[in-house]
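A structural walkthrough
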Amino acid sequence: MNNFAYNILTSFWAKRGERGSSERIQGTIHRLTEMSDQTNNEGLAPDKFTYTSLMLALVNEKTPGNLEKCGAVLDRMEDLAERTGKKALMPDEMAYATIMNGYSHEGNAQMIESLIRRMKCKGIPCTDIAYNILLNAIVKIKAHDVAERAEDVLKR
């Protein structure tokens, strides 16, 4: 037995974006952790996919404060990966893109740029996905220097 069926559920709840989805996923993470600990079955433990689904639910709920919670999930993933040595828990580009999309909806290009720097420091490849999200955020700002900022992103 493994976490695959649970991850299908968490993905479903995350994509719906209904209020309370993140709490359901947090409950599932708690149950998976308990079952994994009780049975010594690592295959039941929450993984990168489970935590990324939680982040997506937080973003999709669009509740004030949820992006900060998303950041805490990202921190937790990194901490767990480093503390346990399970590199499979280390956030990947999809995890980062999830929180970046949330900040993009707010037009918060600075936070996205900070996350891109963080990815690079962690050795996570930064592809067009992250830069496209950043460009979307810059365009939403409607600042006087939007064209210059967008051009700077394209030069990276």
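The following paragraphs examine the structure supplied in this document. Each chain has its residues counted from 1, running along the sequence as written. Side-chain atom pairs in this predicted model are given and counted only at pLDDT of 80 or more, local residue features only at pLDDT of at least 70, and totals for whole chains, interfaces and linings cover all residues. Hydrogens and water are ignored here; the side-chain numbers use all heavy atoms of the structure.

**Describing the nonpolar core**
Think of a nonpolar core as a cluster: buried Ala, Val, Leu, Ile, Met, Phe, Trp, Tyr and Cys residues, connected wherever their side-chain atoms sit within 4.5 Å. Summary of the burial criterion: residues with accessible area below 20% of their type's maximum are buried, those above 50% are exposed, and those between are partly exposed, where the area comes from a 1.4 Å probe applied to protein chains only. By size, the foremost hydrophobic cluster in this structure holds 38 residues, and its most contacted members are M55, M100 and I112. Only DSSP runs of H or I with at least four residues qualify as helices, and only runs of E with at least two residues qualify as strands; both kinds are numbered from the N terminus onward. Of all the elements in the fold, those that place two or more residues in this core are α1 (4-16), α2 (21-39), α3 (48-61), α4 (66-84), α5 (93-105), α6 (109-121) and α7 (128-141). Those residues within four positions of M100 in sequence are excluded, and the remaining contacts are I112, L115, I116, M119, A130 and I133. Two residues form a contact once any of their heavy atoms are found within 4.5 Å.

**Some thoughts on the layout of surface pockets**
Points on a 1 Å grid over protein atoms alone make up a cavity when a 1.4 Å probe fits among them but cannot get out, and a pocket when they form an open set with protein on both sides within 12 Å along at least five of seven lines; lining residues each have an atom within 4 Å of a point. Grid points are joined across faces, edges and corners, and a volume is the space filled by probe spheres set on the points. Here the largest pocket defines a volume of roughly 280 Å³. As for the largest pocket, its lining consists of 14 residues, of which E42, A45, P46, K86 and L89 are closest to the centre. Residue assignment for the lining of the largest pocket shows that the elements contributing at least two residues are α2 and α4. Just so you know the grouping, Ala, Val, Leu, Ile, Met, Phe, Trp, Tyr, Cys and Pro go in nonpolar, Asp, Glu, Lys and Arg go in charged, and all remaining residues, Gly too, go in polar. Looking at the lining of the largest pocket residue by residue, the class counts come to six nonpolar, three polar and five charged. As for the second largest pocket, its lining consists of 13 residues, and the residues nearest its centre are K62, T63, L67, G102 and E106. Mapped onto the lining of the second largest pocket, the elements with two or more residues apiece are α3, α4 and α5.

**Brief notes about the pattern of salt bridges**
Any Lys or Arg side-chain nitrogen found within 4 Å of a carboxyl oxygen on Asp or Glu counts as a salt bridge. For the coordinates displayed, the defined rule picks out seven salt bridges. Residue E42 pairs with K86 through a salt bridge whose shortest N-O separation is 2.4 Å. In this pair, E42 is assigned in the loop between α2 and α3 and K86 in the loop between α4 and α5, connecting sequence segments 44 residues apart. Classification of K86 by relative accessible area gives partly exposed; the value is 34%. Ionic pairing is found between R118 and D75, a salt bridge with its closest N-O pair at 2.6 Å. With R118 in helix α6 and D75 in helix α4, the pair connects residues that are 43 residues apart, well separated along the chain. Residues joined by salt bridges that share partners form a network here, namely D75, E78, E82, R118 and K122.

**Looking at the packing of α1 against α3**
Axis definition: a line fit to C-alpha positions, over the contact stretch in the case of helices; interaxial angles, taken between N-to-C directions, run 0 to 180 degrees. One can describe the packing of α1 onto α3 by two numbers: an axis separation of 8 Å at closest approach and a directional angle of 15 degrees. For the element pair α1 / α3, the angle class is roughly parallel. Once α1 is placed against α3, the crossing between them reads as left-handed. Where α1 approaches α3, its residues N7, T10, S11, A14 and K15 are matched on the opposing element by F49, T50, S53, L56, A57 and N60. Partitioning the contact of α1 with α3 into residue classes produces four nonpolar, six polar and one charged. Here the word oblique covers every angle except those under 35 degrees (roughly parallel), over 145 (roughly antiparallel) and from 65 to 115 (roughly perpendicular). Crossings are classed by handedness, with left-handed meaning an anticlockwise turn of the near helix from the far one by less than a right angle and right-handed meaning a clockwise turn.

**So, the environment of R24**
With respect to the helices and strands, the residue R24 is situated in helix α2. In this structure the C-alpha to C-alpha distance between R24 and Y103, which are 79 residues apart in sequence, comes to 23 Å.

**Re the environment of P46**
Along the chain, the position of P46 falls in the loop between α2 and α3. Sequence-wise, P46 and V73 are 27 residues apart; in three dimensions their C-alpha atoms are separated by 12 Å.

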